[in-house]
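Descriptive structure summary
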Amino acid sequence: MKYAIVTFGCRVNQADSLRLEMELCARGAEAVDPGRADLVIVNTCSVTATADQGARQAIRRVARENPQATIVATGCYATRCEDDVAALPGVVRVVRNDDKLRLLDFVPEVNVPEHDGPCGTPIEPGIAGRTAFTIRAQTGCEEACAFCIIPKTRGAARSLPIEALVEEARRAAAAGFKEIAIAGVHLGSYGRDLSPRTSLFDLLGAFAAIDADVSYRISSLEPMECTEPIVDLVATSGRFMPHFHLPLQHASDRILRAMRRPYTLDHYRRLVDGIQARLPQVAIGTDLLVGFPGETDDDFAAMTAYVASAPLSHLHVFPYSERPGTEAARMAGRVPPAVIRDRGAELRRIGAGLAARFRASQVDSERPGLTLEDGTLVVTDNYLKVRVPPGLPRNTRVRVRIAAGNAVGSAVVQ
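Here's a quick rundown of the structure. (Residues numbered from 1 in each chain as written. Predicted model: local features only at pLDDT ≥ 70, side-chain atom pairs only at ≥ 80, totals over all residues. Heavy atoms only, no water.)

**Concerning the overall build of the protein**
How we decide: Counting from the N terminus, the helices are DSSP H or I runs at least four residues long and the strands are E runs at least two residues long. C-alpha atoms define the radius of gyration in this analysis, and the globule rule sets the expected value at 2.2 Å times the number of residues to the power 0.38. Type-normalised accessible area, obtained with a 1.4 Å probe on protein chains alone, sets the label of each residue: buried when under 20%, exposed when over 50%, and partly exposed for intermediate values. We call two residues in contact whenever any of their non-hydrogen atoms come within 4.5 Å of each other. For the purpose of charge, His is not counted, nor are the chain termini; Lys and Arg are scored as positive and Asp and Glu as negative. Think of each charge as sitting on NZ of Lys, CZ of Arg, CG of Asp or CD of Glu.
When its secondary structure is counted, the protein shows twelve helices and 17 strands. For 414 residues, the compact-globule estimate of 2.2 N^0.38 gives 22 Å, and the C-alpha radius of gyration of the protein, at 22 Å, lies within 12% of that figure. Relative to its full complement of 414 residues, the protein shows a buried share of 53%. Long-range pairs, those at least 24 residues apart, make up 71% of the contacts in the protein with a sequence separation of at least 6. The protein carries 49 positive and 49 negative side-chain charges, and their two centres are separated by 3 Å.

Written out as structure tokens, the structure reads:
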């Protein structure tokens, strides 16, 4: 049986797709492109209307180019708009997020032999061409951000036990993975729902104690949950990449309150300034939401003024997208689409400048990294992508010297 998985959205979706691929490989299925697959799984996102549209387009494209394929839709858009997705051409099953990791049990149309379940699924090195392995530590979210639909599509926060996650990390390291990304829908809430209660800091400490040649990259953390002990652990353990992703969303306190984000710009500024002082070579990324209802020219000016001067290395800019059922969808003060586009373009221009500034600060320095693709691309610990001459295999630890601009850097095996 031949399969393909098309994934949209966050690292959690990527981790879910990875688990499905592991399950399919363990059952003897072969990964191919969607145009040749018997089974195509589309793992959807619904964080914006654009994400919804992308999933619809992907499903229609598969149905058009491979009309014999069994198309199964899952993920947040499939959960939020189950009937709409089920009506798309070629879709034979819609599997909600709660059942995603048991998806194959819901697809009798495809002959995929059973085995002993995801917990026993072998981890193959380089599965689906991946060099880094992603562990989903938790799913769900109980925050009440006014713009976000994800708590309704992912449900309440649910954490996996530390012991299970440590075992998964050990198995990934034993299979040859040298980098593990730790992801969650609301990662900072990890462990609050477990009994006995634990925390993300406890989980990170357990990962750091694993005796294996593996490093860790922490996925997105809410600013109020990136605590001083976590920063200290990243700075001192030698096991975590100097890389944080801390969603700001906005730099106007008035808009942050309307968004129901539980921090202020001053809190965020002190957090990132403190991290940068502790880890001078750190990469810090953020998410910014432009065009939230009621956003004025002054609010946007506050955003550009802060972001342009902040020690950030990359920006993810999202135009506000009305999500039915959210508090923001009922708010007055809609920002015209053309204004949202212009403001988004300005933030992306600033983001390009920040990325160039960060890379320039690293020129002629040496950073540890890992080779990807055919061995000619290295991703450094602080998330720079550097082209190097051919000759190194993929998934090799190297030290790379950063060259100016887009010039090819040099690398030596560690």
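Next comes the rest of the account.
**Considerations on the sheet that holds strand 11 (residues 283–290)**
Two pairing modes exist for strands in a sheet, parallel and antiparallel, and in both the strands are linked by backbone hydrogen bonds. To keep things clear, this is the line we draw: Note on pairing: DSSP must find at least two bridges between two strands before they are called paired. Axis definition: a line fitted to C-alpha atoms, limited for helices to the stretch in contact. Angles are taken between N-to-C directions and run from 0 to 180 degrees.
Pairing in this open sheet of three strands is parallel, and the strands run 10-11-12 from one edge to the other. The outermost strands of the open sheet, each flanked by one partner alone, are strand 10 (243–245) and strand 12 (314–319). Sheet twist, expressed as the average angle between the axes of neighbouring strands with direction ignored, equals 15 degrees. The sheet contact formed by strand 11 and strand 12 spans six bridges and is parallel.

**Things to note about the pattern of salt bridges**
To be explicit about the condition: Salt bridges are defined as contacts in which a side-chain nitrogen from Lys or Arg sits within 4 Å of a carboxyl oxygen from Asp or Glu.
This structure, assessed with the given rule, holds 28 salt bridges. Among the salt bridges present, the one from arginine 343 reaches glutamate 295, with a minimum N-O distance of 2.7 Å. Of the two residues, arginine 343 sits in helix 12 (residues 337–362) while glutamate 295 sits in the loop between strand 11 and helix 11 (297–309), which places them 48 residues apart along the sequence. With relative accessibility at 5%, the residue glutamate 295 sits in the buried group. Here the residues in one salt-bridge network are Asp16, Lys100, Arg136 and Arg154, joined through shared partners.

**Notes on the pairing of strand 16 (residues 397–401)**
With five bridges connecting them, strand 13 (residues 366–372) and strand 16 associate as antiparallel partners. Note that in strand 16 the partner of leucine 370 across the bridge is arginine 397. Sheet topology note: the strand 16/strand 17 (residues 410–413) ladder contains four bridges and is antiparallel. Paired with valine 400 across the bridge in strand 17 is alanine 411.

**Focus on the side chain of asparagine 382**
Using the following cut-off: Polar contacts, as used here, are pairs of N or O atoms within 3.5 Å; protein pairs need one atom able to donate a hydrogen and one able to accept it. Residues neighboring in sequence count only if both atoms are side-chain atoms.
Mapped onto the elements, asparagine 382 comes out in the loop between strand 14 (377–380) and strand 15 (385–387). One polar contact links asparagine 382 to glutamine 362, side chain to side chain, over a distance of 3.1 Å. Here threonine 380 takes part through its side chain, which lies 2.6 Å from a polar atom of the side chain of asparagine 382. Apart from residues lying up to four places away in sequence, asparagine 382 is in contact with Pro242, Gln281, Ala283, Phe358, Gln362 and Arg367.

**Concerning helix 12**
So the rule is basically this: An expected span of 1.5 Å times one less than the residue number is assigned to each helix.
Given a rise of 1.5 Å per residue, 26 residues ought to cover 38 Å, and the 38 Å separating the end C-alpha atoms of helix 12 matches this to within 8%. Of all the residues in helix 12, the buried ones are Ile340, Arg343, Gly344, Leu347, Ile350, Gly351, Leu354, Phe358, Arg359 and Gln362. Where helix 12 is buried, its residues contact strand 11, helix 11, strand 12, strand 13 and strand 15.

**Section: the packing of aromatic side chains**
Operational definition: The aromatic pairing rule takes the rings of Phe, Tyr and Trp, using the six-membered ring of Trp, and pairs them if the centres are within 6.5 Å, calling planes under 30 degrees apart stacked, those over 60 edge-to-face and the rest tilted. Any Lys NZ or Arg CZ found within 6 Å of a ring centre and within 35 degrees of that ring's normal is scored as a charge over the ring.
Following the criterion strictly, the structure yields six aromatic pairs and no others. Ring geometry for phenylalanine 207 against tyrosine 216: centres 5.2 Å apart, planes inclined by 25 degrees, an arrangement best described as stacked. We classify phenylalanine 207 as buried; its relative accessible area is 0%. Judged by relative accessible area, tyrosine 216 falls into the buried class, the value being 0%. The rings of Phe147, Phe292 and Tyr320 are connected pair by pair, giving a single aromatic cluster. Positioned above the aromatic ring of tyrosine 383, the side-chain terminus of lysine 385 is 4.4 Å from the ring centre.

**Side note on the sheet that holds strand 6 (residues 132–139)**
Across the sheet, four strands lie side by side as 7-6-8-9; this open sheet has mixed pairing. Looking at strand neighbours, the two that pair on one side only are strand 7 (158–159) and strand 9 (215–218), the edges of this open sheet. As judged from the two bridges shared by strand 6 and strand 7, these two strands associate in the antiparallel manner. In the strand pairing of strand 7, threonine 139 is matched with arginine 158. The strands that helix 1 (residues 11–26) touches are strand 6, strand 8 (179–184) and strand 9; relative to strand 6, the one it contacts most, it runs at about 110 degrees. Of the strands in this sheet, strand 6, strand 8 and strand 9 are in contact with helix 7 (residues 200–208), which crosses strand 9 at around 160 degrees.

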